[in-house]
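Listed below are the residues making up each chain.
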Amino acid sequence: MPRGTAQATAQGPEASGAPASASRSLGGLVRGRLGGGLGLIGPRHGRHTLPAEQVDALTLPIGDDGVFIGVDTTGQPAVLGINRPTPYDVVLIGSLWTAQVLALRAAATGARVAVETGRPQAWMQMVHAMGGGQNGLAVYEVGRVPPQGASAGTPVLVVRDCGMRPPRGRVASGPWQAVVTLLPYLSPVAPRLIRQARLVGVQRISPDEAAELGRTMALPRADVESLPTLPDGVTLWCGDRDRQYVMTQPTDAEIGLLGTPRRMD
């Protein structure tokens, strides 16, 4: 072998000084784990333990994932989980501003947003700001929303901004496709939509509307009395088992695009 050339590394257990029996034993263990689908043996670390008396002091930031819609009455983040493997219908009795903020934030999480509306001009500024409909938000005329092809990888939010009496939609909620129906006020079709919805959001309404809604949804008297006095940007979200007041606080970018919170459009 020419001088200056490194000799090739010897192969096999004899070259490393390890006994042949140990090599065969290790090889059998590795083949057994791989054959059972367990993978290779990883590095070993010390266990993390916590004394039982310290468990009560442990706090973990656990919450739902989804669209951040504001803060609750204690200042904690409130999240709306709209990307679900099951159908999810939401009714929002409130402002276009709130529906648009929800659509923007849903698109920011990776969802595609399809808006069915009778006032497309009210949504055009958002469409242009998001790249002319190429980046997750598209606007359609009432009754013209095509199938969206929702999946776990491409969830869809359909926003129905179709006035006081929205017709039955061609595109319904389904796996990974949530539908938000916006009602500016409590309309004659509201009870039917509320019965079908998994979540209902209510912003400021008149005392008469609050009383009617209280009967429809069996709201406590305190909530019925508070609905006519809610500030702009505050929504009472009512789910199957709980109710929560949420203040939607816009970012600087959202204020530049949509303005400040408002109940009337």
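The rules behind these values
Residues numbered from 1 in each chain as written. Predicted model: local features only at pLDDT ≥ 70, side-chain atom pairs only at ≥ 80, totals over all residues. Heavy atoms only, no water. Helix = DSSP H or I, 4+ residues; strand = E, 2+ residues; numbered from the N terminus. Buried < 20%, exposed > 50% of the residue type's maximum accessible area, 1.4 Å probe, protein only. Areas by Shrake-Rupley, 256 points an atom, 1.4 Å probe, with all protein chains shown as cover. Pairing = 2+ DSSP bridges. Polar contact = N/O pair within 3.5 Å; in protein donor to acceptor, adjacent residues only side chain to side chain. Contact = heavy atoms within 4.5 Å. pLDDT = per-residue confidence, 0-100.

Chemist: Whenever I open this one, the overall build of the protein chain confuses me. Can you help?
Modeler: The secondary structure content of the protein chain amounts to 8 helices and 10 strands. Among the 265 residues that make up the protein chain, the fraction classed as buried is 36%. For the protein chain, the exposed area adds up to about 15,600 Å²; of that, 54% sits on carbon and sulfur atoms.

Chemist: Can you help me understand the pairing of strand β7 (residues 177-183) in this one?
Modeler: Within a regular beta strand, the side chains point alternately toward one face of the sheet and then the other, so they alternate between its two faces. Of all 7 residues in β7, 7 are buried; the element is thus mostly enclosed. Residues of β7 alternate between two faces, with Q177, V179, T181 and L183 on one and A178, V180 and L182 on the opposite face, all of them buried. With 6 bridges joining them, strand β3 (residues 88-93) and β7 adopt parallel strand pairing. From the neighbouring strand, Y88 faces β7, where its bridge partner is A178.

Chemist: How should the side chain of E254 be read in this particular structure?
Modeler: Here E254 is to be found in helix α8 (residues 252-258). Within the structure, E254 has its side chain in polar contact with the backbone nitrogen of T251 (distance 2.9 Å). Leave out the neighbours within four places in its chain, and E254 touches V101, L104, R105, Q249 and G259.

Chemist: Can you walk me through the environment of L157 in this structure?
Modeler: If you trace the backbone, L157 turns up in strand β6 (residues 156-161). Measuring from C-alpha to C-alpha, the distance between L157 and V115 comes to 8.4 Å, with 42 residues separating the pair along the chain. Non-local contacts of L157, meaning those with residues more than four positions away in its chain, are made with I82, L102, A103, A106, R112, V113, A114, A178 and V180.

Chemist: I'm lost on the confidence of the model for the protein chain in this one. Help?
Modeler: When pLDDT is averaged along the protein chain, the result is 84; 76% of the residues meet or exceed 70. Segment residues 1-17 is flagged for pLDDT under 50; beyond a separation of four residues in sequence, or across chains, it makes 8 contacts in the model. pLDDT under 50 marks residues 59-63. Its contacts with residues more than four places away, or in other chains, come to 0 contacts.

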